[in-house]
Amino acid sequence: MTSNDFQPDRILFWGLMRAQLSSMVAFALLVTGLAGTFAGLMAAWGGTISLIAYAWGGFQIWLHPGNRAPKRMATAAVRAEMGKIAIMLLLFWLTFAKVPEAREMKIAMVLLLGFLIAQIVGWVQVARLEGRATGQDDGQDD
């Protein structure tokens, strides 16, 4: 397999990372303008939690060279999903345990909303890019 064979997977990975990063920054700037610096930082941290988890999962599924073998693909997908869940839970636990202000309603709301927006943008971007990378029709002409 040549490095060109991995091109669609790299497009998926970096497209996901760019989409989540841009949505995270946009939401954090919006929250900073409306609710203050600390709330904006917490909104950015919520998006970062999603970004870090998806970076781990995306690397395991799309970029790790050892996971290209057919017999390792299924275990790589399971490892990626379990790792994403563990990373998310650990980072949320650390945030709420070590930052007492994060337990306030407004701050917790923007933290979780930042996370949720990054998640949704990630899902949409992967769906868009996956259809393009595999050359599938989007079903509009059916």
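Attention now moves to a nonpolar patch on the surface. A contiguous nonpolar patch, built from Leu113, Leu116, Ile120, Trp123 and Val124 and spanning about 450 Å² of accessible area, is present on the exposed surface. With respect to the element layout, Leu113 can be found in helix α4 (residues 105-134).

Looking now at helix α3 (residues 70-98). With 29 residues, α3 extends 42 Å between its outermost C-alpha atoms, agreeing within 8% with the 42 Å of an ideal straight helix rising 1.5 Å per residue. Those residues of α3 that sit buried are Ala76, Ala80, Gly83, Lys84, Met88, Leu91, Phe92 and Thr95.

This next bit is on the packing of aromatic side chains. The geometry of an aromatic ring pair is captured by the separation of the ring centres together with the interplanar angle, meaning the angle of the planes. Inspection of every chain in the model, using the stated rule, returns two aromatic pairs. Taking the centre distance of 6.3 Å and the plane angle of 15° together, the rings of Phe92 and Phe96 count as stacked. Taken together, the residues Phe92 and Phe96, both in helix α3 and four residues apart, mark about one turn of the helix. You can call Phe92 buried: its relative accessible area is 14%. On the basis of relative accessibility, which here comes to 25%, the residue Phe96 falls in the partly exposed class. Note on Phe92 and Phe115: the rings are 5.0 Å apart at their centroids and 80° apart in plane angle, and the pair reads as edge-to-face. Residue Phe92 is located in helix α3, and its partner Phe115 is located in helix α4; the two are separated by 23 residues in the primary sequence. In this pair, the class of Phe92 matches that of Phe115, namely buried. Three or more aromatic residues joined by ring pairs make a cluster, and in this case those are Phe92, Phe96 and Phe115. Seen from the ring of Tyr54, Lys84 lies directly overhead, with NZ or CZ sitting 3.9 Å from the centre.

What counts and how
Residues numbered from 1 in each chain as written. Predicted model: local features only at pLDDT ≥ 70, side-chain atom pairs only at ≥ 80, totals over all residues. Heavy atoms only, no water. Patch = residues over 30% accessible without salt bridge, like charges linked within 9 Å, V, L, I, M, F, W, Y side chains within 5 Å. Areas by Shrake-Rupley, 256 points an atom, 1.4 Å probe, with all protein chains shown as cover. Salt bridge = Lys/Arg side-chain N within 4 Å of Asp/Glu carboxyl O. Helix = DSSP H or I, 4+ residues; strand = E, 2+ residues; numbered from the N terminus. Expected span 1.5 Å × (residues − 1). Buried < 20%, exposed > 50% of the residue type's maximum accessible area, 1.4 Å probe, protein only. Phe/Tyr/Trp six-rings, centres within 6.5 Å; stacked < 30°, edge-to-face > 60°. Lys NZ or Arg CZ within 6 Å of the ring centre and 35° of its normal.

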